[in-house]
Amino acid sequence: MDRILINYLHLLGSIIWIGGAIYMHLVLQPSLKSIDPRESGKLQGIIAKRFSIVAWSSIIVLIITGFLKTPSSLLLDTTSNFGVILLIKHVFILLAIIVGLTIALYVVPNLQKYAPKSGESPIQEFFRFQKRLKTLAATNLIFALIILGMASMLW
């Protein structure tokens, strides 16, 4: 029963994290282009802050359940294909965490800082951080899909 619960939570965390990243990239980002830049920036800041909480919660669940699912003998094993794939997956997880921290601790606060106030036009810094958020979010989505591909090779 514990193994089923751990697998369930791991899959649920994956769905929430990767599904959210896909939604942000394929639905939200293109939709933001159709509204006023001031409103777009405000909405982007609100959503990024809220999604960060959901994404980080999912990542914490994934790390805990992934650790519980993985036999300790395979954590740094490079003598088997399984161990090498797992190690590559862990490298991409680390990269995704670094990108996520960059978004959460640097890009989103600056996006909020430079977001135009009511009645103001956006300044260049705001657009620069909007572009950076889009690029980093796309990078994290690519990492997530690579991680998913690596995970599918382990089953």
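Only a predicted model underlies this, so the values are computations on that prediction, with no experimental measurement involved.

Draft legend 1. Summary view of the overall build of the chain. Per the secondary structure count, the chain includes four helices and zero strands. The helix and strand sequence of the chain, counted from the amino end, reads α-α-α-α. Along the longest, intermediate and shortest principal axes, the C-alpha atoms of the chain span 60 × 30 × 25 Å. When the 155 residues of the chain are sorted by exposure, 36% land in the buried category. Considering only contacts in the chain between residues 6 or more positions apart, those separated by 24 or more positions represent 74%. As displayed, the chain has an accessible area near 9,600 Å², and 70% of this comes from carbon and sulfur atoms. The centroid of the 14 positive side-chain charges in the chain is displaced by 2 Å from the centroid of its 6 negative side-chain charges.

Draft legend 2. Geometry of helix α1 (residues 2-32). In this model α1 runs 42 Å from its N-terminal to its C-terminal C-alpha over 31 residues, within 8% of the 45 Å that 1.5 Å per residue would give. At M24, α1 shows its maximal bend, which comes to roughly 35°. When we look at burial in α1, the residues that qualify are H10, G13, S14, W17, I18, G20, A21, M24, L28, Q29 and L32.

Draft legend 3. Region of the structure containing the side chain of H10. Along the chain, the position of H10 falls in helix α1. The buried category is assigned to H10, whose relative accessible area is 11%. Each residue touching H10, except ones within four places of it in the same chain, is listed here: L62, T65, G66, K69 and K89.

Draft legend 4. Molecular detail of the packing of aromatic side chains. Counted under the stated rule, the structure contains four aromatic pairs. Residues Y106 and F129 carry aromatic rings whose centres are separated by 5.6 Å and whose planes lie at 65° to one another, so their mutual orientation is edge-to-face. With a gap of 23 residues between them, Y106 in helix α3 (residues 81-114) and F129 in helix α4 (residues 124-154) connect regions that are remote in the sequence. Three or more aromatic residues joined by ring pairs make a cluster, and in this case those are Y106, Y114 and F129. Stacked on the ring of F129, the Lys or Arg R128 has its end atom at 4.8 Å from the ring centre.

Draft legend 5. Quick look at the environment of M24. By the secondary structure assignment, M24 is in helix α1. Along the backbone, M24 and Q44 are 20 residues apart, and their C-alpha atoms lie at a distance of 9.9 Å. Setting aside residues no more than four positions away along its own chain, M24 makes contact with Q29, I47 and F51.

Draft legend 6. Fine view of the packing of α1 against α4. Running from N to C, α1 and α4 point in directions that differ by 140°, and their axes come no closer than 10 Å. Between α1 and α4, the interaxial angle falls into the category oblique. The handedness of the crossing between α1 and α4 comes out as left-handed. Residue-level contacts link W17, I18, A21, I22, H25 and Q29 of α1 to K134, A138, L141, A144, L145, I147 and L148 of α4.

Calculation notes
Residues numbered from 1 in each chain as written. Predicted model: local features only at pLDDT ≥ 70, side-chain atom pairs only at ≥ 80, totals over all residues. Heavy atoms only, no water. Helix = DSSP H or I, 4+ residues; strand = E, 2+ residues; numbered from the N terminus. Buried < 20%, exposed > 50% of the residue type's maximum accessible area, 1.4 Å probe, protein only. Contact = heavy atoms within 4.5 Å. Areas by Shrake-Rupley, 256 points an atom, 1.4 Å probe, with all protein chains shown as cover. Lys, Arg positive; Asp, Glu negative; His and termini not counted. Charge placed at Lys NZ, Arg CZ, Asp CG, Glu CD. Expected span 1.5 Å × (residues − 1). Bend = angle between axes of the 7 residues up to and from the residue. Phe/Tyr/Trp six-rings, centres within 6.5 Å; stacked < 30°, edge-to-face > 60°. Lys NZ or Arg CZ within 6 Å of the ring centre and 35° of its normal. Axes fitted to C-alpha atoms, helices over the stretch in contact; angles between N-to-C directions. Parallel < 35°, antiparallel > 145°, perpendicular 65-115°, else oblique. Left-handed = near helix turned anticlockwise from the far one by under 90°.

By themselves, these are just geometric observations and shouldn't be taken as functional.
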